[in-house]
Amino acid sequence: MPYDARVRAADHGRVVALAGGVGAARFLRGLVEVVDPANLVVVGNTGDDLTRHGLRVCPDLDTVCYTLGGGVHREQGWGREGERFTVADELADRYGEDRWFTLGDRDLATHLVRTRMLAEGATLSQATATIARAWKLGFRLLPMSDDEVTTRIVTTDGRDLHFQEWWVRERAVPDVAEVRFAGVERARAAPGVLEAVGGADRVLLCPSNPVVSLGPILAVPGLREALADAHVVGVSPIVGGAVVRGMADRLLPAWGVETSAVGVASLYADLLDGWVVDEVDRGRAGEVAALGVDVAVTHTIMRDVEVAGALARTALELG
Ligand code: GDP
Ligand code: CA
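This text gives an overview of the structure that appears in the document. From a predicted model like this one, the values you see are computed outputs, not experimental measurements.

Reading guide: rules and limits
Residues numbered from 1 in each chain as written. Chains lettered and ligands numbered in written order. Predicted model: local features only at pLDDT ≥ 70, side-chain atom pairs only at ≥ 80, totals over all residues. Heavy atoms only, no water. Helix = DSSP H or I, 4+ residues; strand = E, 2+ residues; numbered from the N terminus. Rg over C-alpha atoms; globule rule 2.2 N^0.38 Å. Buried < 20%, exposed > 50% of the residue type's maximum accessible area, 1.4 Å probe, protein only. Contact = heavy atoms within 4.5 Å. Areas by Shrake-Rupley, 256 points an atom, 1.4 Å probe, with all protein chains shown as cover. Lys, Arg positive; Asp, Glu negative; His and termini not counted. Charge placed at Lys NZ, Arg CZ, Asp CG, Glu CD. Salt bridge = Lys/Arg side-chain N within 4 Å of Asp/Glu carboxyl O. Polar contact = N/O pair within 3.5 Å; in protein donor to acceptor, adjacent residues only side chain to side chain. Near = heavy atom within 4 Å. Nonpolar A, V, L, I, M, F, W, Y, C, P; charged D, E, K, R; others polar. Pairing = 2+ DSSP bridges. Axes fitted to C-alpha atoms, helices over the stretch in contact; angles between N-to-C directions.

Helix and strand counts for the protein chain come out as 13 helices and 14 strands. Its C-alpha atoms give the protein chain a radius of gyration of 19 Å, within 12% of the compact-globule value 20 Å for 319 residues. For the protein chain, the residues scored as buried account for 55% of the 319 residues in total. Taking as baseline every contact in the protein chain between residues at least 6 positions apart, the subset at least 24 positions apart corresponds to 69%. Summed over its atoms, the accessible surface of the protein chain is roughly 13700 Å², and 49% of this surface lies on carbon and sulfur atoms. Charged side chains of the protein chain number 33 positive and 45 negative; the gap between the two group centres comes to 4 Å.

Shown next, in the form of structure tokens:
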């Protein structure tokens, strides 16, 4: 069901969504049902980005494109449906390249287009716009920055790993001492990001990893300042004291934050006007309200697009 003015409850004006990968993409599938995509700007995390086999890979931006464009691997929530690994097999079997972060054949096409454009001097914003257009996204997808920002995980055994090395290669087993966003001090927000936030009627924090997905975006210089004057509503990625998927529970302790809907709200308390928590966390709504934040309690497990749409509507109408 495409966006249809007849099913729209209210005109929510200009909306900006700050997004990580899988959780965010599922939320956005609902959001585009209740707002006009022409009035939506999505700002994506690029802290997870890495170079593999010489190709620039942007996992969170690609997850948004594949999901909203209808090409995502459904059960997995990321990567392409109907994927094959001919190239990955050849790289490993013939050339002995390690395969801890495998790129499928179809997925490779995206990274080839992006890497070619970057090599020709395009910015990441320009490459992202080209890819988003190919996936027929009706909204603007902006990387948080055109400058390289890399999430680094310092482990308690003293290693400094790329986020993907810690998460994909080491399966989030090593305990985390510190999370850094290398390069962020010098990074500038991508063209249009601060302007979109400044002109938004609503800014939504998608249910994304608060440390490694929303963390890098909020660390971009100027972002928090721009959000201070905006109407900001978030959806808790933590339900009943546990992650729905992913490894936020391995990272929040490094920031001294409880793995709970209240703990994550406290991370953004200075920015938030509203916070949406799951029915199972109803008993803790008072603690969120005590932070000075309006609370909505609803179903937040996005098992289908209808639930995601209702969740998006709740977030838009809060605060
Ligand atoms: P990643 O970049 O692929 O890790 O994806 P995100 O950063 O968007 O998100 C992972 C976060 O989204 C985790 O903290 C999950 O618990 C949360 N998440 C995933 N699916 C859902 C859902 O259906 N509902 C809610 N409330 N949170 C979700
Ligand atoms: Ca991610």
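There's more to say after this.
Our focus in this paragraph is the side chain of Arg202. Inspection of the secondary structure puts Arg202 in strand β9 (residues 202–205). For the buried Arg202, no salt bridge is present, and the opposite-charge side chain at shortest range is Asp201, 6.6 Å distant. Here Leu316 takes part through its backbone oxygen, which lies 2.8 Å from a polar atom of the side chain of Arg202. Apart from residues no more than four positions distant in its own chain, Arg202 is found in contact with His12, Arg14, Val15, Val16, His231, Leu316, Leu318 and Gly319.

Right, let's get into the site of ligand 1. Ligand 1 sits among 19 residues. The nearest are Asn209, Ser213, Pro237, Val244 and Thr300. One of the backbone N or O atoms of Thr300 is found 2.6 Å from a nitrogen atom in ligand 1. Here the shell around ligand 1 gets three residues from one element, more than from any other, and that element is helix α1 (residues 22–34). Looking at side-chain class alone, the shell around ligand 1 contains nine nonpolar, eight polar and two charged residues.

Here the focus is the sheet that holds strand β6 (residues 150–155). Here we have three strands laid out as an open sheet, ordered β7-β6-β8, and antiparallel in their pairing. The open sheet is flanked by β7 (160–162) and β8 (176–182), the only strands paired with a single partner. Ignoring which end each strand starts from, the neighbouring axes of this sheet average 30° apart. One ladder, built from three bridges, connects β6 with β7; its direction is antiparallel. Bridge pairing in β7 links Arg152 to His162.

Distances and angles like these do not, on their own, reveal function.
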